[in-house]
Amino acid sequence: MPIKLVGCNVAIVAAQFNPSIFSQLWLVRHGIVDEDDLLEGCIHTDQLARVSSKKFHLLVIPPQLQLVPTVPEEDEAVVVATKVGAIVHLLPHTPYVAIGMNFNWQVFPDSGTVLDLAKSLFYVPTSPVSAAVGDDNLGLGAYYSRDIFGGRMRLDIKPRSEGHVHADRLQFDFNFQFDLNQDNTGGNIRSIDHHLANWSKAKQESLRIAQAAVSTGVSI
Amino acid sequence: MVTQTRAIPEEAVDKRLSQSVMPRPNGMRNHDILAMTALAFLTQSCGELASAGEFLAQVQDEGISRPMLDIQEFDAMIARPVTRAGLSLMPMELSSADAHVIETALSNKSAKPTFATSRLPEMK
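Residues numbered from 1 in each chain as written. Chains lettered and ligands numbered in written order. Predicted model: local features only at pLDDT ≥ 70, side-chain atom pairs only at ≥ 80, totals over all residues. Heavy atoms only, no water.

Trainee: Outline the packing of helix α2 (residues 73–90) of chain A against helix α6 (residues 199–214) of chain A, listing residues and values.
Mentor: Residues and elements named next belong to chain A. Two numbers describe how α2 lies on α6: the axes approach to 9 Å, and their chain directions differ by 135 degrees. Relative to α6, the element α2 is oriented oblique. Where α2 abuts α6, its residues Glu 73, Glu 76, Ala 77 and Val 80 lie against Trp 199, Ser 200, Lys 203 and Gln 204. Here the contact of α2 with α6 is composed, by residue class, of three nonpolar, two polar and three charged. (Axes fitted to C-alpha atoms, helices over the stretch in contact; angles between N-to-C directions. Helix = DSSP H or I, 4+ residues; strand = E, 2+ residues; numbered from the N terminus. Parallel < 35°, antiparallel > 145°, perpendicular 65-115°, else oblique. Contact = heavy atoms within 4.5 Å. Nonpolar A, V, L, I, M, F, W, Y, C, P; charged D, E, K, R; others polar.)

Next comes the structure, spelled out in structure tokens:
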């Protein structure tokens, strides 16, 4: 049963970012991006900054900053920690609220339909909700959340399609969120550094859980 | 309200881009204000800044000091070509009243506004 990563990013939520700060000049001068690494497609306005580089994509809107590493997997953690870490250290007075890490995995059934797979994983025939919903062209998913790594993991699982009429895969959308206490003494910056170090662990945990669907051994 | 740290949806990007080019109530766009204030600032205040850094520029309008620009990475080398300087200057959140004051002041040749600069507090 194939499984593939279709997206991952780190997101920082703040009471207010100023996207105008994130000019190419500012990023280059502070060593966040090498001048030679800049790619086409950058956008800079007072409401949005989007920077594409060979190592990451950065998107900033007033409530949120998002970085998508585009390096080989073994280098992801370093890029996340050094680039996002550098930005928050350069903007210590930004009122940071929370940090999140998102991983999106897709699981494709070897045989049978994605509904068969979803049913084998989540369907409870005796559930009154199942009975009430019925099974006419049924779609099925799940939601889980739990505490982990000092934060909260949330997992949405839904059938997805891509250019097909019918869903042909299950998508596992993981969000690891670490809320930050309001702190004027630099504690938030240290907390962000601490949580950024969880990137590899969080990614491995998300893969481990998604792989559980692959290794169910259920005959479809 | 529950904080969400999921990926920024495409709709949010579209919305922000739309807001960036929406006309101000008085008909001015952000970039109009930016260009006008950058030009005025350069012609009147270029040379007053010590070096690169983050500064707060204020326009003195009839004795009232109004925050106008938050200048990032300003230096003489960047400032010379006005177009490049425009990229280095950014407007702060301007109310329509502030925008109107700036527009009026900059278009009135007999009463140019006076600019003052100071480093942002966190840079002291």
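Trainee: If you had to explain the nonpolar core to someone new, which residues and values would you point to?
Mentor: Residues A:Phe22, A:Leu58, A:Tyr96, A:Phe172 and A:Phe174 are the most contacted members of the largest nonpolar core, which totals 56 residues. Formed jointly, this core draws a minimum of three residues from each of two domains, domain 1 (3–16 + 80–214) and domain 2 (18–62) of chain A. With residues near it in sequence (within four places) discarded, A:Phe172 still touches A:Phe103, A:Asn104, A:Trp105, A:Val107, A:Leu155, A:Asp156, A:Ile157, A:Ala210 and A:Ala213. Formed by six residues, the second largest nonpolar core is a distinct cluster that contains A:Leu48, A:Leu59, B:Ile8 and B:Val13. (Core = buried A, V, L, I, M, F, W, Y, C linked by side-chain atoms within 4.5 Å. Buried < 20%, exposed > 50% of the residue type's maximum accessible area, 1.4 Å probe, protein only. Domains from an automatic or database assignment.)

Trainee: Any chance you could break down the pattern of salt bridges for me, citing the residues and the numbers?
Mentor: Counted by the stated rule, this structure contains eleven salt bridges over all chains. The shortest N-O distance in the salt bridge between A:Asp147 and A:Arg152 comes to 2.8 Å. Given a relative accessible area of 54%, A:Asp147 falls into the exposed group. Two residues, B:Arg6 and A:Asp156, come together in a salt bridge whose shortest N-O distance is 3.0 Å. One end of the pair, B:Arg6, is in the segment before α1 (10–21); the other, A:Asp156, is in strand β8 (residues 151–160), on a second chain. (Salt bridge = Lys/Arg side-chain N within 4 Å of Asp/Glu carboxyl O.)

Trainee: Give a description of the packing of aromatic side chains that names residues and reports values.
Mentor: Each aromatic ring pair is described using two quantities: the centre-to-centre distance and the angle formed by the ring planes. Residue and element names in this part refer to chain A. Going through the model one piece at a time under the given rule, you end up with seven aromatic pairs over all chains. Between Phe 17 and Phe 22, the ring centres sit 6.4 Å apart and the planes meet at 70 degrees, which makes this aromatic pair edge-to-face. Taking relative accessible area as the criterion, Phe 22 reaches 1% and is therefore assigned buried. A ring pair is formed by Phe 149 and Phe 176, whose centres lie 6.3 Å apart and whose planes are at 25 degrees; its orientation type is stacked. Of the two residues, Phe 149 sits in the loop between β7 (142–148) and β8 while Phe 176 sits in strand β9 (residues 169–179), which places them 27 residues apart along the sequence. Three or more aromatic residues joined by ring pairs make a cluster, and in this case those are Phe 103, Phe 149, Phe 174, Phe 176 and Trp 199. The side chain of Lys 119 reaches across the aromatic face of Tyr 123, ending 5.2 Å from its centre. (Phe/Tyr/Trp six-rings, centres within 6.5 Å; stacked < 30°, edge-to-face > 60°. Lys NZ or Arg CZ within 6 Å of the ring centre and 35° of its normal.)

Function cannot be read off these values alone, since they describe shape.
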